[in-house]
Amino acid sequence: RRLRAYVWSQWKLPRTRVKNLMARGTARHWAVMVGNTRKGAWRLSKNGTVCAALPDDWFLRRGPFEHGAIHDTAWTAELDMVTRWLDALPLRGVILEPAAGVGFFSPLLADKGELHASDADGPALDRARDRLVAHRLLAHLHVRDPWSAAAPGEQPADAAVLAFLVGRVRGAGLDTAFQRVRDRLRAGADLALLNLQPDPQGGPPDGLPWTYHEPAVLEAALVRAGFANVIGTSTGRFFSLVSAVAA
């Protein structure tokens, strides 16, 4: 709690607080409401939105991922770009979030539609649930392999968000992976894909198998799986972003 109060006090201006809350996955209207409050840092250190943005494990895991003030500032700025990009996409209706993990983007997505978040890691989903509860948001949470086929009777979804998931797939498996996602979407559904760039200080943790796929390779695999209007971009150094529509 003291650490949360200290971090909050460092975010002196309301616009800085709103920006940093959104960069940590907070839905826009909650970030604006909490970021502009006049309550003190100590009182806010127990606020559900602040606790979800700065959970205890964030402080425990922060040390190994720190690379100095300049690097951390750049990382946070680009993560904010990712959040704003995702927030601007026309995601609505039933939204799939396979491999949701601890639910970094789950509150933002649950605020935009009916979220169905899943992950093979049950304890990670428990932390995602805590984040959603802190934001007073509802979602369907399932322990499930992210690339599993559509379940019998499962209705096609209106959108899907693949965050930091494609890098776990070897090149030859992209076609199958994207086809599984396409089979769970209706025609005209939106797809958002977020991935890590091959930066030595911004990539996945050591020991995690990871494959960087060139944008042209991703686009070709998406088209073969039945997606159209594929648009790729990047935040600069750390993240690549791709949007597409199910044909």
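See the structure above.
Residues numbered from 1 in each chain as written. Predicted model: local features only at pLDDT ≥ 70, side-chain atom pairs only at ≥ 80, totals over all residues. Heavy atoms only, no water.

Asker: Just give me the short version of the pattern of salt bridges, but keep the residues and values in it.
Answerer: If the charged atoms of two oppositely charged side chains come close together, the side chains can form a pair. Overall, the coordinates contain eight salt bridges when judged by the stated rule. Close ionic contact of Asp87 with Lys112 constitutes a salt bridge, the shortest N to O distance being 3.9 Å. Of this pair, Asp87 sits in helix H7 (residues 69-88) while Lys112 is found in helix H8 (residues 106-112), placing the two residues 25 residues apart along the sequence. Here Glu154 and Arg144 are joined by a salt bridge, their closest N and O atoms 3.3 Å apart. Separated by ten residues along the polypeptide, Glu154 in the loop between strand S3 (140-143) and strand S4 (157-163) and Arg144 in the loop between S3 and S4 bring together distant segments of the chain. Arg144 gets classed as buried once you look at its relative accessible area, which sits at 19%. Connected through salt bridges with shared partners, the residues Arg144, Glu154 and Arg184 form a single ionic network. (Salt bridge = Lys/Arg side-chain N within 4 Å of Asp/Glu carboxyl O. Helix = DSSP H or I, 4+ residues; strand = E, 2+ residues; numbered from the N terminus. Buried < 20%, exposed > 50% of the residue type's maximum accessible area, 1.4 Å probe, protein only.)

Asker: Which residues make up the environment of Arg28, and what values do they have?
Answerer: Relative to the assigned elements, Arg28 resides in helix H3 (residues 28-35). Along the primary structure Arg28 and Pro107 are separated by 79 residues, whereas in three dimensions their C-alpha atoms are 9.6 Å apart.

Asker: Break down H3 for me, citing the residues and quoting the values.
Answerer: Those residues of H3 not exposed but buried are Trp30, Ala31, Val34 and Gly35. Projected down its long axis, H3 shows its buried positions confined to an angular sector of 115°, all on one face. (Arc of directions from axis to C-beta.)

Asker: Go over the packing of helix H10 (residues 174-183) against helix H11 (residues 215-225), please, and point to the residues and values.
Answerer: Direction vectors running N to C along H10 and H11 enclose 50°, while the axes themselves pass 8 Å from each other. On the basis of their axis angle, the class for H10 and H11 is oblique. Considering how the two elements wind past one another, H10 and H11 form a crossing that is right-handed. From H10, Leu174, Asp175, Phe178, Gln179 and Arg182 reach across to H11, where they touch Val217, Leu218, Ala221, Leu222, Arg224 and Ala225. Classifying every residue of the contact of H10 with H11 gives seven nonpolar, one polar and three charged. (Axes fitted to C-alpha atoms, helices over the stretch in contact; angles between N-to-C directions. Parallel < 35°, antiparallel > 145°, perpendicular 65-115°, else oblique. Left-handed = near helix turned anticlockwise from the far one by under 90°. Contact = heavy atoms within 4.5 Å. Nonpolar A, V, L, I, M, F, W, Y, C, P; charged D, E, K, R; others polar.)

Everything listed here is a matter of geometry and, on its own, says nothing about what the molecule does.
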